[in-house]
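Structure assessment
Chain by chain, the residues run as shown.
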Amino acid sequence: MEYLVRAAEWFVGLFSTGAEVFLSWMSGIVPLVLMLLVAMNSLIALIGEERIDRFAAKAGKNVVSRYLLLPFIGAFFLTNPACFTLGRFLPERYKPGYYASVAQMVHTNNGLFPHNNPGELFVWMGIAQGIIALGLPTGDLAIRYLLLGAVLNFFGGWITDVTTKFVSKQQGVVLSKEVHSNV
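For the structure given in this document, a descriptive report is provided here. In this text the structure is predicted, and so the values were computed from the model without any measurement. (Residues numbered from 1 in each chain as written. Predicted model: local features only at pLDDT ≥ 70, side-chain atom pairs only at ≥ 80, totals over all residues. Heavy atoms only, no water.)

1. Focus on the side chain of Ser 101
Examined against the element boundaries, Ser 101 turns out to sit in helix H5 (residues 95-108). Reaching out from Ser 101, the side chain makes a polar contact with the backbone oxygen of Tyr 67 at a distance of 2.9 Å. Setting aside anything within four residues of it in sequence, one finds Ser 101 in contact with Tyr 67, Pro 71, Asn 153, Phe 154 and Gly 157. (Helix = DSSP H or I, 4+ residues; strand = E, 2+ residues; numbered from the N terminus. Polar contact = N/O pair within 3.5 Å; in protein donor to acceptor, adjacent residues only side chain to side chain. Contact = heavy atoms within 4.5 Å.)

Written as structure tokens, this is what we have:
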């Protein structure tokens, strides 16, 4: 009988701890993410969606801007999942690589820019807990996470290009070099 009482106390304690974490988020990270989203949407409205669309089309013309700059800008301004829409300005053969790069970018930017992917913020928070437990600042970790992520995201997009080209050739699929967009 004692085991059942302990199990019930543990079970209720689990939800109690969850409620405490939820309340800490409501007074900490949730307002921060909300304000960042408001700021980003306001900035997009001020710049104009047409200008952002033209920039995306130009950035897709070389490998560095396609897999480093464009995914970063998309993740920062459009956040997840809207950042994937910038891929519409790329030729079909580059879309898989862009997707690979931006899908990783929304995660590796989360330490400095939690509005990028608020749904996955728990991943960053879990990693940061170890640093916090050591009494160290999380800013250094966030910057390293972003910089290393940018390099790996670039290579992920580029390697996906190479793989896509190889598999397309092997399967006899011709990928268009033109952009198929309603722009």
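Resuming the write-up.
2. Focus on unusual backbone geometry
With an omega of 10°, the peptide bond between Asn 80 and Pro 81 qualifies as cis. One can find Pro 81 in the loop between helix H4 (63-78) and H5. In the Ramachandran plot, Thr 79 falls in the positive-phi region, its phi being about 60° despite a non-glycine side chain. Tracing the backbone through its elements, the reader meets Thr 79 in the loop between H4 and H5. Owing to a relative accessible area of 10%, Thr 79 belongs among the buried residues under this scheme. (Buried < 20%, exposed > 50% of the residue type's maximum accessible area, 1.4 Å probe, protein only.)

3. As for the packing of aromatic side chains
The tally for this structure, following the rule as stated, stands at nine aromatic pairs. Centroid distance Phe 72 to Phe 76: 6.1 Å. Interplanar angle 15°. Geometry classified as stacked. Here Phe 76 and Phe 72 lie together in helix H4, a separation of four residues that amounts to about one turn. Residue class for Phe 76 comes out buried when judged on its relative accessible area of 17%. Plain terms: the ring middles of Phe 155 and Trp 158 are 6.2 Å apart, the flat faces sit at 65° to each other, and that makes the pair edge-to-face. Of this pair, Phe 155 and Trp 158 both sit in helix H7 (residues 138-171), three residues apart, which is roughly one turn of that helix. (Phe/Tyr/Trp six-rings, centres within 6.5 Å; stacked < 30°, edge-to-face > 60°.)

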